[in-house]
Amino acid sequence: MEIDIISYTDGQYAALNDEQIQEIRSAQSKKNALQRNLEKAIEKEKYRFTENGTLISKLWTLKVQELTATYEREVEAVRQALLFYLRFSGKPSGEAGATPSYPLDYSLNDEERFTVVKQYYMTTYTNAAERFAAFQEDVYAKSYLGELYAMMYDYLRLQE
């Protein structure tokens, strides 16, 4: 099964427990079912519009846009529910007693978390290679940053 409901790195997937992976698979299955339903609905409407002789009208285009917009809203709801679950289900456990130097505030949204982590690494490490190496060793960032982990990884890697 291809997972495209969220964009996690292989390292992030590896850090997840079985329950979290099952939730991702379930959300992906829901998305796939919504996609199939969209395709069926479009086919049904296409047949109806063809029978009415209005397939090449603006109404057909509007109907497809309406169906697609509904699909995208439903997929986004499934995606946000999954991200919420992942955000609060598995807070990482590093070495006993060890915590990152930046605050782990799980009430922040992903963009705010990204900003906190980015500011920490940019102000703490002046050497880009050291900054990137420290980020790679950060066991908390993978789950704390969620989908934005890959973006932070690429950002810090390109700073080298």
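Our subject is the structure listed above.
Residue positions are counted from 1 within each chain, in the order its sequence is given. Since the coordinates come from a predicted model, pLDDT governs what is reported: local features require at least 70, and pairs of side-chain atoms require 80 or more to be given and counted, while whole-chain, interface and lining totals use all residues. The basis for every side-chain value is the complete set of non-hydrogen atoms in the structure, without hydrogens or water.

Draft legend 1. Representation of helix 2 (residues 18–52). Secondary structure elements are taken from DSSP: a helix is a run of H or I of four residues or more, a strand is a run of E of two residues or more, and numbering for both begins at the N terminus. Take the residue count of a helix, subtract one, and multiply by 1.5 Å to get its expected span. Taking 1.5 Å of rise per residue, the 35 residues of helix 2 would be expected to cover 51 Å, and the 51 Å separating its terminal C-alpha atoms lies within 8% of that figure. Here helix 2 has its buried residues at Gln20, Ile24, Ala27, Gln28, Lys31, Leu34, Leu38, Glu45 and Phe49. Downstream of helix 2 by one or two residues, Gly53 has phi in the positive range, about 75 degrees. Relative accessible area decides the class of each residue, using a 1.4 Å probe on protein chains only: under 20% of the type maximum gives buried, over 50% gives exposed, and in between gives partly exposed.

Draft legend 2. How the structure looks around the pattern of salt bridges. Each reported salt bridge corresponds to a side-chain nitrogen of Lys or Arg within 4 Å of a carboxyl oxygen of Asp or Glu. All told, the structure shown has seven salt bridges when counted by the stated rule. Among the ionic pairs, Glu66 bridges to Lys63, the shortest N-O distance being 3.6 Å. Linking Glu66 with Lys63, this pair stays in helix 3 (residues 58–89), spanning three residues, or about one helical turn. With a relative accessible area of 19%, Lys63 lands in the buried category. Across the salt bridge formed by Arg157 and Asp154, the nearest N and O atoms sit 3.2 Å from each other. Of this pair, Arg157 and Asp154 both sit in helix 7 (residues 149–158), three residues apart, roughly one helical turn. Arg157 gets classed as partly exposed once you look at its relative accessible area, which sits at 38%.

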